[in-house]
Amino acid sequence: MGSENTVEEQGTDTPGARSLRLGVAGPVGTGKSSVIAALCRALSEEMRIGVVTNDIYTDEDARFLKAEGVLPEERIRAVETGACPHTAIRDDVTMNLLAVEDLEQDFAPLDIVLVESGGDNLTATFSPSLVDAQLFVLDVAGGGDVARKGGPGIGRADLVVVNKVDLADHVGVDVPQMVDDATRAREGAPVLALSGKRWGTVEQLCEWVRGLHRRHLSGTHVPTDPGPMAPHFHADEEGGYLHSHV
Amino acid sequence: MTHGTAGLLLLADGRLPAGGYAHSGGLEAAVRTGRVRDTADLGRFLTGRATTTGATNAAFAAAACAALRGAGADAEPGEEQQTLTRLAVLDTELDARTPSPALRRVSHALGRQLLRALKAVNPHPLQQRMQQGPNHPVAFGAGAAMLGLTPVDAARGVLHESVSGPSSAVVKLMSADPFDAYRTIAELRGLLDEIAEDAAGRALDHPEDLPSYGAPLSDHLAEDHETHETRLFAS
Amino acid sequence: MTASAALTCELDGRGVNRLSRLRSEGQLVLRPTHAKGFEPWAHSRGEVARVSLSSGTAGPLGGDRLHLDVVIGDGASLVLNEISATLALPGTTGGRSLMSIDVRVGEGATFIWLPEPVIAARGCDHRQETRVRLAGSARFLLREELIAGRHGERPGTLAQRVRATRGGGALYDQELRIGARHTGWDTPAVAGTAGCVGNTLVVDPGSTIGTGTAAPGTRSDVVDGSTALMGIAPDTVQISSVGRDNLAVSRSTSAALEMLGPPWSPDRDGDP
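Quick notes on the rules
Residues numbered from 1 in each chain as written. Chains lettered and ligands numbered in written order. Predicted model: local features only at pLDDT ≥ 70, side-chain atom pairs only at ≥ 80, totals over all residues. Heavy atoms only, no water. UniProt positions renumbered as here; feature names shortened; annotations may be inferred. Pairing = 2+ DSSP bridges. Helix = DSSP H or I, 4+ residues; strand = E, 2+ residues; numbered from the N terminus. Axes fitted to C-alpha atoms, helices over the stretch in contact; angles between N-to-C directions. Parallel < 35°, antiparallel > 145°, perpendicular 65-115°, else oblique. Left-handed = near helix turned anticlockwise from the far one by under 90°. Contact = heavy atoms within 4.5 Å. Nonpolar A, V, L, I, M, F, W, Y, C, P; charged D, E, K, R; others polar. Expected span 1.5 Å × (residues − 1). Buried < 20%, exposed > 50% of the residue type's maximum accessible area, 1.4 Å probe, protein only. Buried area = accessible area lost by both parts, 1.4 Å probe. Salt bridge = Lys/Arg side-chain N within 4 Å of Asp/Glu carboxyl O. Polar contact = N/O pair within 3.5 Å; in protein donor to acceptor, adjacent residues only side chain to side chain.

Chain A has the name Urease accessory protein UreG in an unreviewed UniProt entry, where Nocardiopsis kunsanensis is given as its organism. UniProt annotates chain A under Subcellular location (unreviewed entry) with the comment "Cytoplasm". Heading Subunit (unreviewed entry) of the UniProt record for chain A holds this comment: "Homodimer. UreD, UreF and UreG form a complex that acts as a GTP-hydrolysis-dependent molecular chaperone, activating the urease apoprotein by helping to assemble the nickel containing metallocenter of UreC. The UreE protein probably delivers the nickel."

As structure tokens, then:
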């Protein structure tokens, strides 16, 4: 009799039967919280949204979003990650998973739960056991060559966002070139130049999310794992070696 | 007896994805308030923790494990209900032994996370019928029984976590040599074994007779920690 | 020595608190008395029964078995205090001393219990077991302190357990252990280098003293670095304090009681 319960519980985990879980990752300071705020602001009329934030220190990001007033406060939950933001979205997702499941249960039915990773480095990506899809947020201020460097997030996230393009002139970055580099690193997968100050770009992001949500509902979206840390190069006296972390 | 070693290692491994890594067991507040300044202090801190909350938690984990071991997979429905009732009584008794609201919250959150992880890692019919956010030692003891472990295993595991959590957190909190931090655990192993044996010996006691060792400074540290805006660890 | 004392306070037909049982034995001497200092809740009430416990001899000494039984009947109100601190001493033959206290507080009854500090003298091995059974609407205050040795003295071994149940369910259960045989007590996780540990429990049905901003029963006030006021249940708090000496603990505990407001805080208007 217990096994039936187990099956039932697994049933709620079938994509399409529950909300779309969308992760937002990317290095520190690239504007993950702002991207989420923009999405909530633009989509809250048409979609029921919940947000889980992950912070290195306490609940700063949750407070930012609450202060923005883009969602009712109770739909924004903070998870404290014990100084290990990448662990909370990849190696040990239990805290985030429970936060997502709680939101889905408390505000059923939700259309989307956005999970914001704590700012980390280029190699941090979400585990497919936590999210159905993920955005990877870069910004022009991080330098135009970041996109070229690749890594699992840039290479294989469902969407790469190049944020703060309104600052490009100030930091001497060629946006079309950066988008081009990213697109090449992603073998043609989508890249979006975004500025919270340019309504049209926010609308493009929303359109992408809407499309993803439709595919999620119809069961045609197949979650893909960007994968763990990509093989990378360590310099040493002998000229370096290539290895991969498992 | 050769049973269960592998199950215990799985359950007590700090890398088991059940959220434990986000907690320092009160150490962050102890370092911030200057109560722990070096590895010698860490050793004292861990000793105090093991002999108070550690010993209490170990006894409750052992008792929860014993409660479940009575009810095997082929248990009668009545027996199963008895087991659940006993787990619920243990949970209430442990709440009464945890005066700090912050520590009660942490224990229930960790218990819930552990139960959530074990549902996926080692499914068992009782997991769905248990209270979903039990105190961590209750979840740990029940989880231990579901892995075929004994009360003394459950006690050992909980004690190990109560000292290994702060020990691995310490390098993020102060200038400490990780080897020194783990040496303090090595030096405590005799004491930990003794506490675990004692806890297991009480696994079948009436829940109200289980230990209730208080640790006032740990309570204060936990409450103080919650008021801090900037913190690395959740507790 | 073995001694057993008992005390029952009941309301009589006219609604007056009567001490229907007052039995002293050996070193446990119970006497009706008058107000002694500030009594939270009861200090301005004339109708409360008051009893003092005094010690007829030194001790408890190792080997002593002492028992006190206190019953407060439905609707009755009692203040129990002590004449002097308890000095736990080693016995001539060694061995542990035990003081067990059973308390029952009836519906609508009030028990204000203000014992003097228990001092763990060098070499002592004393255990105190307090069991409090509260009816659902019983009001209760216990304010106790443990002192680790006399001035400049290394403490003996002392364990003090307080267990309170309400309507049969566990409400609060803590055992404080200090001194030589209790490894770990003088560490930053337990009592540090403190000379005194104070513990106050307040149960006030109908009130919301234990309610915090997060949820009922989660009140949390950090009074000072080593004193906290913590919600146990929506109507129940514990004040836990650790200090250099009992003066420090007493001051911090009073500050915490003040945060609870009337009737638990000193009523300044009423004091001369």
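What to know about the pairing of strand β1 (residues 2-11) of chain C
Residues and elements named next belong to chain C. In this sheet, strand β5 (residues 65-72) lies alongside β1 in parallel orientation, the contact comprising eight bridges. Its bridge partner being in β5, Ser 4 is matched across the sheet by His 67. Bridge count between β1 and strand β2 (residues 17-23): six bridges; the pairing is antiparallel. Bridge pairing in β2 links Glu 10 to Arg 18.

Side note on the packing of helix α3 (residues 39-69) of chain B against helix α7 (residues 136-146) of chain B
All names here are of chain B. At a minimum axis separation of 7 Å, α3 and α7 run at an interaxial angle of 40 degrees. On the basis of the axis angle, α3 is oblique to α7. Judged by the sense of rotation from one axis to the other, the crossing of α3 with α7 is right-handed. Between α3 and α7, the contacting residues are Asn 57, Phe 60, Ala 61, Ala 64, Cys 65, Leu 68 and Arg 69 on the first element and Pro 137, Val 138, Gly 141, Ala 142, Ala 144, Ala 145 and Met 146 on the second. Looking at the contact of α3 with α7 residue by residue, the class counts come to eleven nonpolar, two polar and one charged.

Comments concerning the packing of α3(B) against helix α8 (residues 151-173) of chain B
Residues and elements named next belong to chain B. Viewed as axis vectors pointing N to C, α3 and α8 meet at an angle of 145 degrees, and their least axial separation amounts to 7 Å. Crossing handedness for the pair α3 and α8: right-handed. For the contact of α3 with α8, a count of residues per class yields 18 nonpolar, four polar and two charged.

Things to note about helix α5 (residues 101-121) of chain B
Between the first and last C-alpha of α5(B) there are 30 Å, a value that for 21 residues agrees with the 30 Å anticipated at 1.5 Å per step. Within α5(B), 15 of the 21 residues are buried, which leaves the element mostly enclosed by the surrounding structure.

Some remarks on the arrangement of the chains
The pair of protein chains exhibiting the most contacts, out of two pairs of chains in contact, is chains B and C. Nothing in chain A touches chain C, and the closest approach of their C-alpha atoms is 13 Å.

With respect to the interface of chain B and chain C
Interfaces are often sized by the amount of accessible area the parts lose when they come together. Contact with chain B, which involves 35 residues of that partner, is made by 37 residues of chain C. Taking both sides of the interface into account, the surface hidden between chain B and chain C amounts to around 2,800 Å²; carbon and sulfur atoms contribute 56%. In this structure, the connection of chain B to chain C is made through three salt bridges. The residue Arg131(C) makes a salt bridge to Glu208(B) at a minimum N-O spacing of 2.9 Å. Between the two partners, chain B and chain C, sit 20 residue pairs in polar contact (both at pLDDT 80 or more). Contributions of two or more residues to the side of chain B that touches chain C are made by α3, α4 (77-96), α5 and α10 (216-226) of chain B.

Describing the sheet that holds β1(C)
All names here are of chain C. Read from one edge of the open sheet, seven strands run β2-β1-β5-β8-β11-β13-β14, paired in mixed fashion. With one partner strand each, in any of the chains shown, β2 and β14 (169-178) form the two edges of the open sheet. Geometrically, the sheet is characterised by an average inter-axis angle of 10 degrees between neighbouring strands, direction not taken into account.

Notes on the UniProt feature "binding site: GTP" (unreviewed entry) in chain A
All names here are of chain A. Summarizing the sequence annotation, UniProt attributes the feature "binding site: GTP" (unreviewed entry) to Gly 26, Pro 27, Val 28, Gly 29, Thr 30, Gly 31, Lys 32 and Ser 33 in the numbering used throughout. Within the secondary structure, Pro 27 is located in the loop between β1 (20-25) and α2 (32-43). Given a relative accessible area of 16%, Pro 27 falls into the buried group. Non-local contacts of Pro 27, meaning those with residues more than four positions away in its chain, are made with Lys 32, Gly 119, Asp 120, Leu 122, Phe 136, Val 137 and Leu 138.

A word on the interface of chain A and chain B
Contacts between chain A and chain B engage 24 residues on the former and 23 residues on the latter. Around 2,100 Å² of area is buried between chain A and chain B when both sides are counted, 54% of it from carbon and sulfur atoms. By the criterion of area lost to chain B, the three top residues of chain A are Glu80(A), Met95(A) and Leu98(A), representing 22% of everything that side buries. Our count for the chain A to chain B interface comes out at three salt bridges. The shortest N-O distance in the salt bridge between Arg231(B) and Glu80(A) comes to 2.7 Å. The interface formed by chain A and chain B includes seven residue pairs in polar contact (both at pLDDT 80 or more). Within the residue set of the side of chain A that touches chain B, elements represented by two or more residues are α1 (2-11), α4 (85-91) and α5 (94-106) of chain A. With six residues, α5(A) is the single largest residue contributor to the side of chain A that touches chain B. Of the residues assigned to the side of chain A that touches chain B, the class counts are nine nonpolar, eight polar and seven charged.

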